[in-house]
Amino acid sequence: MKSHGNMKELIYVHLNTAHQYTVSYGVEFHEFVRSLPRELNHLVLLKHGYNESEFNMHTRFEYVDSEDISKLLKEDIAEYGSFCWIDFEDTDGLNELDGQEIAELLYLGHSKDHLRRPFYSKLNNRFVYLSQDDEWFNKTYYRNTSDFYHMLGRAISLKLGHFRSERSFFGLKKGLPLPPIPKEIMASFTDKMKEGMVFSLSKAAQNRASVEIPVWVIGDFSNMDEMFEEYMTTYRSMPDGHLVFDKRTHEWSVYFNK
């Protein structure tokens, strides 16, 4: 794995609608959790390095109660190496899992891939989160695709907040919050995300009226070194589109180049 400097400046997403997952680079666990439309339930930890989890005798998995997720958010998740989990609604459902379902969960954590569609009525899970060196490679399954669009729009605005603190964020008045990008706008990138695309925050351009974040379609990657090399070549060409923030109205829009 190569060092790519400040990963907060780049988000890569490849969307697989057939199997309801995304492969991404540049969004870490705490940003993911903060960007969801509602709070997470309890988490079954499939692969992790967390030392304060609880143990479920039936599945032999460790888990984190919803009220303790705030402690997990303070951890340096990238240091765990693999960090894989699935959310669940209550322990009664966890205790009802059969051997086949437990085996499927073991496979998810081991291979970062599914044997069958990984949404379980007994768990009523919304997500399956499978990462390696968190933020470097994240494969996330979404029961509802709208949760993905909501998360991504808010995560991008959070990352722009880092720029704001580091660079007086493009001349915006200090203390003025950045609105999340509406999920409907993020959904307009669906076809491009199916091909694999990047949002480049470091290449954002501004004038008095707006900030424009360029996007490029670069292809389907599971190796993030290869993805980054392709990005370093592609960003010299005309972007495939832009996310646009209007400084006056504080509203987001999108346009695509022909």
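Above this text you will find the structure in question.
Below is a summary of the structure that appears in this document. (Residues numbered from 1 in each chain as written. Predicted model: local features only at pLDDT ≥ 70, side-chain atom pairs only at ≥ 80, totals over all residues. Heavy atoms only, no water.)

## Digging into a negative patch on the surface
Among the surface-exposed residues, Glu52, Glu75, Asp76 and Glu79 lie close enough to one another that they form a single negatively charged patch. Considering the arrangement of structural elements, one finds Glu75 in the loop between helix H2 (69-72) and strand S6 (82-88). (Patch = residues over 30% accessible without salt bridge, like charges linked within 9 Å, V, L, I, M, F, W, Y side chains within 5 Å. Areas by Shrake-Rupley, 256 points an atom, 1.4 Å probe, with all protein chains shown as cover. Salt bridge = Lys/Arg side-chain N within 4 Å of Asp/Glu carboxyl O. Lys, Arg positive; Asp, Glu negative; His and termini not counted. Charge placed at Lys NZ, Arg CZ, Asp CG, Glu CD. Helix = DSSP H or I, 4+ residues; strand = E, 2+ residues; numbered from the N terminus.)

## Quick word on the pairing of strand S8 (residues 137-142)
Burial analysis of S8 places six of its six residues in the buried class, the great majority of the element. The side-chain alternation of S8 yields two buried faces, one formed by Phe137, Lys139 and Tyr141 and the other by Asn138, Thr140 and Tyr142. Of the strand pairs in this sheet, strand S2 (residues 21-25) and S8 are connected by four bridges, and their pairing is antiparallel. The residue bridging Thr22 from the neighbouring strand is Thr140, located in S8. In this structure, strand S7 (residues 127-132) lies alongside S8, joined through six bridges in antiparallel fashion. Paired with Phe127 across the strands is Tyr142, a residue of S8. (Buried < 20%, exposed > 50% of the residue type's maximum accessible area, 1.4 Å probe, protein only. Pairing = 2+ DSSP bridges.)

## Notes on unusual backbone geometry
Residues other than glycine seldom take positive phi values, yet Asn124 does so here, at roughly 50 degrees. Tracing the backbone shows Asn124 in the loop between helix H4 (99-111) and S7. Of note, His250 is a non-glycine position whose phi angle comes to about 60 degrees, a positive value. By the secondary structure assignment, His250 is in the loop between strand S12 (241-246) and strand S13 (251-256). The class of His250 is partly exposed, set by a relative accessible area of 22%.

## Some words on H4
If you check H4, its first and last C-alpha atoms are 18 Å apart, about what 13 residues at 1.5 Å a residue would give, namely 18 Å. Taken residue by residue, H4 has Glu101, Ile102, Glu104, Leu105, Leu108 and Gly109 as its buried positions. Down the axis of H4, the buried side of the element spans an arc of 155 degrees, and every buried residue falls inside it. Residues of H4 that are exposed and angled more than 90 degrees away from the buried face: Gly99, Leu106 and His110. Turning to H4, the residues buried within the fold contact strand S3 (42-47), S6, S7 and S8. The N-cap of H4, judged by a side-chain oxygen 3.2 Å from the amide nitrogen of Gln100 a few residues on, is Asp98. Phi for Lys112, located one or two positions after H4, is positive at around 55 degrees. (Expected span 1.5 Å × (residues − 1). Arc of directions from axis to C-beta. Contact = heavy atoms within 4.5 Å. Polar contact = N/O pair within 3.5 Å; in protein donor to acceptor, adjacent residues only side chain to side chain.)

## Overview of the environment of Ser237
Summarising the element assignment, Ser237 is placed in the loop between helix H8 (224-234) and S12. Take Ser237: its relative accessible area is 38%, and that puts it in the partly exposed class. As for Ser237 and Val64, which are separated by 173 residues in sequence, their C-alpha atoms are 46 Å apart. Among the polar contacts listed, one links the side chain of Ser237 to the backbone oxygen of Thr234, at a separation of 2.6 Å.

## Concerning the nonpolar core
Counting residues in each nonpolar core, the largest one holds 45 residues, and the members touching the most others are Phe32, Trp85, Leu152, Ile156 and Phe199. Ignoring any residue separated from it by four or fewer positions in sequence, one finds Trp85 in contact with Phe29, Phe32, Leu40, Leu43, Val44, Leu45, Leu46, Phe127, Val128 and Tyr129. Membership of the second largest hydrophobic core comes to 33 residues, among which are Leu10, Tyr21, Phe61 and Leu108. (Core = buried A, V, L, I, M, F, W, Y, C linked by side-chain atoms within 4.5 Å.)

## Concerning the pattern of salt bridges
Tallying each qualifying case throughout the model produces eight salt bridges. Where Glu101 meets Lys122, a salt bridge forms, and the shortest distance between an N and an O atom there is 3.0 Å. Residue Glu101 is located in helix H4, and its partner Lys122 is located in the loop between H4 and S7; the two are separated by 21 residues in the primary sequence. Look at Lys122 and you get partly exposed, because its relative accessible area is 28%. For Glu135, the salt bridge identified is with Lys159, shortest N-O distance 3.5 Å. Placement of the pair is Glu135 in the loop between S7 and S8 and Lys159 in helix H5 (residues 145-167), with a sequence separation of 24 residues. By relative accessible area, Lys159 is classed as buried at 0%. The network of salt bridges with common partners includes Glu31, Glu135 and Lys159.

## A few points about the packing of aromatic side chains
Overall, the coordinates contain 23 aromatic pairs when judged by the stated rule. Members of the aromatic cluster, joined through ring pairs, are Phe29, Phe32, Tyr80, Phe83, Trp85, Phe127, Tyr129, Tyr142, Phe148 and Tyr149. The ring of Tyr235 has Lys203 lying over it, and the distance from NZ or CZ to the ring centre is 4.2 Å. (Phe/Tyr/Trp six-rings, centres within 6.5 Å; stacked < 30°, edge-to-face > 60°. Lys NZ or Arg CZ within 6 Å of the ring centre and 35° of its normal.)

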